[in-house]
Amino acid sequence: MTTRTTERTAPGRTSLRRRSRLRRLATSVLLSAGLCLGTLTAAGPAQAVDGTVVTSTQSGGRTVSFTFDDGPDPTHTPRLLEVLRRHGVKATFCLWGDHVRQYPHLVRQIAAEGHRLCNHTMSHQDMGGWSQQQIRQNLEQTNNLIRQAAPGAQITYFRAPYGNWGQSPQVAASLGMQPLGWRLAINDWQPPGTGELVRRIMQGVTPGAVVLMHDGGGDRSQTVSAVDQTIPQLRAQGYSFDQPAVR
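**Student:** Please give an account of the overall build of the chain that cites residues and values.
**Tutor:** Helix and strand counts for the chain come out as eight helices and eight strands. Per-residue burial for the chain yields a buried fraction of 43% across its 247 residues. For the chain, the accessible surface area stands at approximately 12,300 Å², while carbon and sulfur atoms represent 52% of it.

So this is what it looks like as structure tokens:
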């Protein structure tokens, strides 16, 4: 009799235990999903940005954005940072992955001083004819090095070397980076003298322009001096300094 009763009640208890285990499993899955979502949100944008190549400032109007390519450089980047700090200007730095690997402390300094970071590929390769897979691999490698150098720093933009975009805008956007172009390039990769660079900035700038300059890839001392001179001149003309737009 006792055995028969046990046999009758055992399936019910098993069913209750099974439902209890299922409830605990479902709760665990939901909690895990929530934790994963929180981690993704904290690590980067929840949605890809627009793949449009931006060439204007965030605010528009009588604003200008200074952007610097090909660093960090152990000589010119620190000098440029000192100039920007003294004038109270925030800029955008488009970084080579190979240079990031060599000078990670400068990436940390750039981020710590409130400037925005931009992926400029590993070694300044022309990506115009690359596949999306090749582009993604290169951009992810560069991002990983930047994040190792400056943990927690946001990589807001991507700029294609030589302005040869190919399929890179779509890939950059899918990685949460706004493709960043320019409206004014002062051709400072062939230094014409500080005075000429100042003239090119002052005569070429237009309201809302993103300006392309360099802090790496060669002797950029003339660029640093030109930036030091043009910031007060632009302010005297009613300009303020802004960051590039993010769509």
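**Student:** Tell me about the nonpolar core, residues and numbers included.
**Tutor:** With 48 residues, the main nonpolar core has F66, F68, L84, F93, V227 and L234 as its most contacted residues. In this view, V227 contacts F66, F68, L80, V83, L84 and M213; residues no more than four positions away in its chain are not counted. Of all hydrophobic cores here, the second largest spans seven residues; its members include C118, L180, V210 and A245.

**Student:** Could you give an account of the pattern of salt bridges, with specific residues and numbers?
**Tutor:** Overall, the coordinates contain eight salt bridges when judged by the stated rule. The partner of E82 in a salt bridge is R86, with the nearest N and O atoms 3.2 Å apart. A residue pair is termed a helical-turn pair when its members lie 3 or 4 positions apart in one helix, as E82 and R86 do in helix α2 (residues 76-87) at four residues. The class of E82 is partly exposed, set by a relative accessible area of 33%. Notably, a salt bridge pairs E196 with R200, separated by 2.9 Å at the nearest N-O pair. Of this pair, E196 and R200 both sit in helix α7 (residues 194-204), four residues apart, roughly one helical turn. The exposure class of E196 is partly exposed, given its relative accessible area of 24%. Taken together, the shared-partner salt bridges in this structure form one network comprising E82, R86 and D228.

**Student:** Explain helix α8 (residues 221-236) to me, and be specific about the residues and the numbers.
**Tutor:** Along its 16 residues, α8 runs 24 Å from first to last C-alpha, staying within 8% of the 22 Å computed at 1.5 Å per residue. Those residues of α8 that sit buried are T223, V224, A226, V227, T230, I231 and L234. In this structure, the buried side of α8 is in contact with β1 (63-71), α2, α7, β7 (209-214) and β8 (240-241). A positive phi of about 90° marks G238, the residue just after α8.

**Student:** Requested: an account of the pairing of strand β3 (residues 116-119), with residues and values cited.
**Tutor:** Across four bridges, the pairing between strand β2 (residues 92-95) and β3 is parallel. When the bridges of β3 are listed, L95 appears paired with N119. As paired strands, β3 and strand β4 (residues 155-158) are joined by three bridges and run parallel to one another. When the sheet's bridge partners are listed, C118 is paired in β4 with Y157. Handedness of the β3-helix α5 (residues 132-149)-β4 crossover: right-handed.

**Student:** I'd like a description of the side chain of H76, backed by residues and values.
**Tutor:** Structurally, H76 is set in helix α2. When residues no more than four places from it in sequence are discounted, the contact partners of H76 are D215, G218, D219, R220, S221 and V224.

**Student:** Give a description of the environment of A185 that names residues and reports values.
**Tutor:** With respect to the helices and strands, A185 occurs in strand β6 (residues 184-185). It is 8.7 Å that separates the C-alpha atoms of A185 and G204, two residues lying 19 residues apart in sequence.

**Student:** I'd like a description of the packing of aromatic side chains, backed by residues and values.
**Tutor:** The final tally for this structure, using the stated rule, is four aromatic pairs. Summarising the aromatic geometry, the rings of F66 and F68 are spaced 6.4 Å apart at their centres and angled 85° between planes, so their arrangement reads as edge-to-face. Judged by its relative accessible area of 1%, F66 is buried. For F68, a relative accessible area of 0% translates into the label buried. Measuring from centroid to centroid gives 5.6 Å for F68 and F93, while their planes differ by 35°, and the two rings are tilted. Linking F68 in strand β1 with F93 in strand β2, this pair joins segments that are 25 residues apart in sequence. Exposure class is identical for F68 and F93. Each is buried. Through a chain of ring-to-ring contacts, three or more aromatic side chains come together here, namely F66, F68, F93 and F241.

**Student:** Account for the environment of S174, naming residues and giving values.
**Tutor:** Mapped onto the fold, S174 is located in helix α6 (residues 168-174). For S174, a relative accessible area of 37% corresponds to the partly exposed category. It is 7.1 Å that separates the C-alpha atoms of S174 and V49, two residues lying 125 residues apart in sequence.

Calculation rules
Residues numbered from 1 in each chain as written. Predicted model: local features only at pLDDT ≥ 70, side-chain atom pairs only at ≥ 80, totals over all residues. Heavy atoms only, no water. Helix = DSSP H or I, 4+ residues; strand = E, 2+ residues; numbered from the N terminus. Buried < 20%, exposed > 50% of the residue type's maximum accessible area, 1.4 Å probe, protein only. Areas by Shrake-Rupley, 256 points an atom, 1.4 Å probe, with all protein chains shown as cover. Core = buried A, V, L, I, M, F, W, Y, C linked by side-chain atoms within 4.5 Å. Contact = heavy atoms within 4.5 Å. Salt bridge = Lys/Arg side-chain N within 4 Å of Asp/Glu carboxyl O. Expected span 1.5 Å × (residues − 1). Pairing = 2+ DSSP bridges. Right-handed = clockwise from strand over helix to strand, strands pointing away. Phe/Tyr/Trp six-rings, centres within 6.5 Å; stacked < 30°, edge-to-face > 60°.

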